[in-house]
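Now for the letters of each chain:
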Amino acid sequence: MVSVISDICQERGHQTVAYSSGAKALENLSAQAPQLVITDLRMDKVGGLDILRECRDILPGTPVILITAFKTVETALEAMKLGAYDYITKPFKVDELQLTIQRALDNQSLVRENQNLRQIVKEKYRFENIIGTSGKMQEIYNLIAKVADTDSTILIQGESGTGKELVARALHFNSNRQHQSFVAINCSALPENLLESELFGHKKGSFTGAVADKAGLFEEAELGTIFLDEVNSMPQPLQTKLLRVLQERQIRRVGDNKTIPINVRVLAATNEVLGEKIKGGNFREDLYYRLAVIPLEMPSLRERPDDIPLLVNHFLQKNANQTSTEIKKIDPKAVEMLSAYRWPGNVRELENAVERACALCDNGLILTTDLPPQVVRHANAPVVEHTGTLPVGQTLDEYTREVEKAYIEETIKFNAGSREKAAKMLGISMATLYRKLDLKKPATKK
Ligand SMILES: Nc1ncnc2c1ncn2[C@@H]1O[C@H](COP(=O)(O)OP(=O)(O)O)[C@@H](O)[C@H]1O
Ligand SMILES: [Mg+2]
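The model shown is predicted, which means the values in this text are computed figures rather than measured ones.

Asks: A description of helix H6 (residues 135–147) should follow, citing residues and the corresponding values.
Replies: Counted at 1.5 Å a residue, the expected span for H6 with its 13 residues is 18 Å, and the 19 Å between its end C-alpha atoms agrees. Three or more residues of H6 are buried, namely Met 137, Ile 140, Tyr 141, Ile 144 and Val 147. Looking down the long axis of H6, one finds its buried residues gathered within 150° of arc, a one-sided arrangement. The outward face of H6, more than 90 degrees from its buried face, is lined by the exposed residues Glu 139, Ala 145 and Lys 146. Its buried side turned inward, H6 meets strand S4 (154–157), helix H7 (164–173), strand S11 (265–270) and strand S12 (294–297).

Listed below in structure tokens is the structure:
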């Protein structure tokens, strides 16, 4: 039987090693590390189940096919429960054996591929991909390592572009929920009613446009993680609903009376200090404490200028990978300029600047002339100094524009993300607001 099966396999182009006793096979299993194991179930001393068990221990993922006499089919079924891939009863047809072998190998390559993909996703969010060696970043790594593998709710605070989402993903992909979904939603992107139905789902007919029952993101994230980005912009009534969900661990779809229990880890991010909003009555204090079980504060790039050269290198490398080109070199003077800039848009702005420079530069070398104008202007400005409360050294035009922009952004935040309300409060038109923010006005909806 051993040599017959061996021949069948070799005919199909497989290499085989044959043993006529279970004990011999067991002895050589780890050295051979086969892709597939075929074994009889009933053998002297060491039987098929022993082989199966050993395979599971030392060669996980290697399929085991059992050959069995008709009488022992029940044991074979038992063996399947123990993790055998399949079984074949004697006497069998050659075709049948070949088909089973092929299926086992195909299935195994799918499993491998899946593991690879998971590994790639995981690699992408290893902490090692969060760049920075400054003390502030060390604190972040330590905290992530401590809290990733818990179910605690974490509130990540920090200016826009400081890496809040990156950290949220690192937390998920280093938790025991890593094989389940990571669902992210930006709470400032949708008006209240749509956001509610997006988060919690809705019942058919609960509002115009609700043409079918729909599960919300909380249900989609079941057993995984939901990331509530810019939670600071969540409208008040929804804050109340979210608080209830966090307390009761169950949701209710819009227009439905039924409650659905959920097992979801909640991560949230805010790009403004919630203390101010709470004082102003714009954010529920009790929700804040629910979310900030563990608060994590991302430093701005200004607070860790020593990390800038590291980040620049990281982004040069990333750009080379994405464009399949050589890693661009950079003039040390350009690095100096990048390190001196204040980066109001933090790491995101720096990443964009490096990407832009990679596209603009000649001969694979980035020079200061390839840097964004605001960076160059800052470097060439006759020393910006803080003598009083204001920085000095910019042109009046530059300074006015910067202040205007900051003030408009602040007003939009105050109005829970509504640009219309902000424009009204500021006494300017929407067109002016968009112009001053350097944004394109969106096409008006018909
Ligand atoms: N410490 C860091 N190391 C490497 N890349 C970073 C780091 N922080 C942010 N980034 C990158 O900057 C961009 C913005 O980060 P993101 O997490 O979206 O910021 P936020 O959510 O705080 O606005 C992303 O492309 C991210 O990969
Ligand atoms: Mg973000």
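Asks: Report on helix H13 (residues 308–323), specifying residues and quantitative values.
Replies: Side chains that are three or four residues apart share a direction in an α-helix, a result of its 3.6 residues per turn. Over its 16 residues, H13 runs 22 Å from end to end, which matches the ideal 22 Å to within 8%, given 1.5 Å per residue. Within H13 the residues assigned to the buried category are Ile 308, Leu 311, Val 312, Phe 315, Leu 316, Asn 319 and Ala 320. Close packing links the buried residues of H13 with strand S13 (329–330), helix H14 (332–340), helix H15 (346–360) and strand S14 (365–366). Following H13 by one or two positions, Ser 324 has its phi on the positive side, about 50°.

Asks: Describe in detail the site of ligand 1, supporting the description with residues and values.
Replies: Surrounding ligand 1, one finds 19 residues, the nearest of these being Ile 131, Gly 161, Lys 164, Arg 348 and Glu 351. Gly 163 is positioned with one of its backbone polar atoms (N or O) 3.1 Å from an oxygen atom of ligand 1. Take Glu 165: an N or O atom from its main chain is 3.1 Å from an oxygen atom of ligand 1. Compared with its free state, where it exposes 560 Å², ligand 1 has 88% of that area covered by protein. The set of elements that each furnish at least two residues to the shell around ligand 1 consists of H7, H13 and H15. Considering only residue class, the shell around ligand 1 consists of 7 nonpolar, 6 polar and 6 charged. The residue makeup of the shell around ligand 1 includes at least three contributed by each of domain 2 (137–299) and domain 3 (303–380).

Asks: Go over the sheet that holds S12 with me, naming the residues and quoting the values.
Replies: Read across the open sheet, the 5 strands follow the order S5-S8-S11-S4-S12; overall the sheet is parallel. Since the sheet does not close on itself, it has two edges, and those belong to strand S5 (182–186) and S12, each with one partner. Neighbouring strand axes in the sheet, compared pairwise and without regard to direction, differ in orientation by 20° on average. When S4 meets S12, the two strands line up parallel, connected through 4 bridges.

Asks: How would you summarise the nonpolar core if you had to cite specific residues and measurements?
Replies: Core analysis: the biggest nonpolar cluster contains 32 residues, and Leu 199, Phe 218, Ile 226 and Leu 228 have the highest contact counts within it. Secondary structure elements with two or more residues in this core: S5, helix H8 (192–200), helix H9 (217–220), strand S8 (225–229), helix H10 (236–248), S11, helix H11 (274–279) and helix H12 (285–291). Counting residues per element, this core draws most heavily on H10, at 5 residues. Setting aside anything within four residues of it in sequence, one finds Phe 218 in contact with Leu 199, Phe 200, Ile 226, Leu 242, Val 245, Ile 251, Ile 262, Val 264 and Val 266.

Cut-offs and rules
- Residues numbered from 1 in each chain as written.
- Chains lettered and ligands numbered in written order.
- Predicted model: local features only at pLDDT ≥ 70, side-chain atom pairs only at ≥ 80, totals over all residues.
- Heavy atoms only, no water.
- Helix = DSSP H or I, 4+ residues; strand = E, 2+ residues; numbered from the N terminus.
- Expected span 1.5 Å × (residues − 1).
- Buried < 20%, exposed > 50% of the residue type's maximum accessible area, 1.4 Å probe, protein only.
- Arc of directions from axis to C-beta.
- Contact = heavy atoms within 4.5 Å.
- Near = heavy atom within 4 Å.
- Polar contact = N/O pair within 3.5 Å; in protein donor to acceptor, adjacent residues only side chain to side chain.
- Areas by Shrake-Rupley, 256 points an atom, 1.4 Å probe, with all protein chains shown as cover.
- Nonpolar A, V, L, I, M, F, W, Y, C, P; charged D, E, K, R; others polar.
- Domains from an automatic or database assignment.
- Pairing = 2+ DSSP bridges.
- Axes fitted to C-alpha atoms, helices over the stretch in contact; angles between N-to-C directions.
- Core = buried A, V, L, I, M, F, W, Y, C linked by side-chain atoms within 4.5 Å.

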